[in-house]
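Geometric and topological summary
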Amino acid sequence: AAVAVAGVMGERTLFQYDPGRLTTVTTVNPVQALAATRFGPIAVELDIVGLASVVWRFTGETGWKVMEGYPVTSPVLALAAFGDGFVYSGLNGAINVYDPQIGFCPPVAGRLGIYDVRSVAALGTSIAAAGFDASGAAALVIATPK
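Residues numbered from 1 in each chain as written. Predicted model: local features only at pLDDT ≥ 70, side-chain atom pairs only at ≥ 80, totals over all residues. Heavy atoms only, no water.

1. Comments concerning the sheet that holds strand β13 (residues 126-132)
Within a beta sheet, neighbouring strands are joined by backbone hydrogen bonds and run either parallel or antiparallel to one another. For the record, the criterion: Paired strands are those between which DSSP finds at least two bridges. Labels follow the DSSP assignment, with helices taken as runs of H or I lasting at least four residues and strands as runs of E lasting at least two, numbered in each case from the N terminus. Fitted lines through C-alpha atoms serve as axes, helices being fitted only where they are in contact, and the angles separating the N-to-C directions of these axes extend from 0 to 180 degrees.
If you trace the three strands from one edge of the open sheet to the other, you get β12-β13-β14, paired in antiparallel fashion. Only two strands of the sheet have a single partner each, and these edge strands are β12 (116-123) and β14 (138-143). Between one strand axis and the next, the sheet turns through 20 degrees on average, direction left out of account. Relative to β13, β12 runs antiparallel, the two being bridged by seven bridges.

2. What to know about a nonpolar patch on the surface
Formally: A patch consists of residues exposed above 30% relative accessible area that lack any salt bridge, with like charges linked at up to 9 Å and nonpolar side chains (Val, Leu, Ile, Met, Phe, Trp, Tyr) linked at up to 5 Å. Residue-level accessible areas treat just the shown protein chains as cover; the underlying method is Shrake-Rupley with a 1.4 Å probe. When a carboxyl oxygen of Asp or Glu lies within 4 Å of a side-chain nitrogen of Lys or Arg, that pair is called a salt bridge. When a residue's accessible area, from a 1.4 Å probe over protein chains only, is under 20% of the maximum for its type it is buried; when over 50% it is exposed; and in between it is partly exposed.
Residues F15, Y17 and L22 make up a contiguous nonpolar surface patch of about 310 Å² in total accessible area. For Y17, the position within the fold is in strand β2 (residues 13-18). Given a relative accessible area of 41%, Y17 falls into the partly exposed group.

3. Quick word on the layout of surface pockets
One simple way to see leftover space: roll a probe sized like a water molecule over the atoms. To keep things clear, this is the line we draw: Only protein atoms enter the 1 Å grid used here. Points where a 1.4 Å probe fits but cannot escape make up a cavity, open sets with protein on both sides within 12 Å along at least five of seven lines make up a pocket, and a residue lines them when an atom lies within 4 Å of a point. Grid points are joined across faces, edges and corners, and a volume is the space filled by probe spheres set on the points. In this classification, Asp, Glu, Lys and Arg are treated as charged, Ala, Val, Leu, Ile, Met, Phe, Trp, Tyr, Cys and Pro as nonpolar, and every other residue, Gly included, as polar.
For the largest pocket, the calculated volume is near 380 Å³. Around the largest pocket, the lining is made up of 19 residues, and of these V97, V108, T144, P145 and K146 lie nearest the centre. When contributions to the lining of the largest pocket are tallied by element, the ones reaching two or more residues are β10 (96-99) and β14. Residue classes in the lining of the largest pocket are distributed as 12 nonpolar, three polar and four charged.

Set out below in structure tokens:
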């Protein structure tokens, strides 16, 4: 049975719906982004202690748990399903990908010309990232991971 998850960004509550049952999940820190993926819902919460870190949680047979090995990054504002995994980005402009076969891939950053990503989406094997450049102008980047 599929699990649906909803939440309000910036709050500490997620609503998890299993057919016939609604559960409220309280996170330690505010939720920054949320997306459905092929292996279940993914939520990102801002690590207030580290300020620049994120904590990943996913649903599985054991419920919500922290994913291991995520790269430390600035607050995540955009998260979307990508392939069998997901893609995420945010205030630092780096594009990060998780693939279940590989784990967390090295971030794509530095030469993209986008510094504040507000939206990411899968375009086949490429990723579209939209946000703002260093001068505050709207920017769109299409990146293809290797």
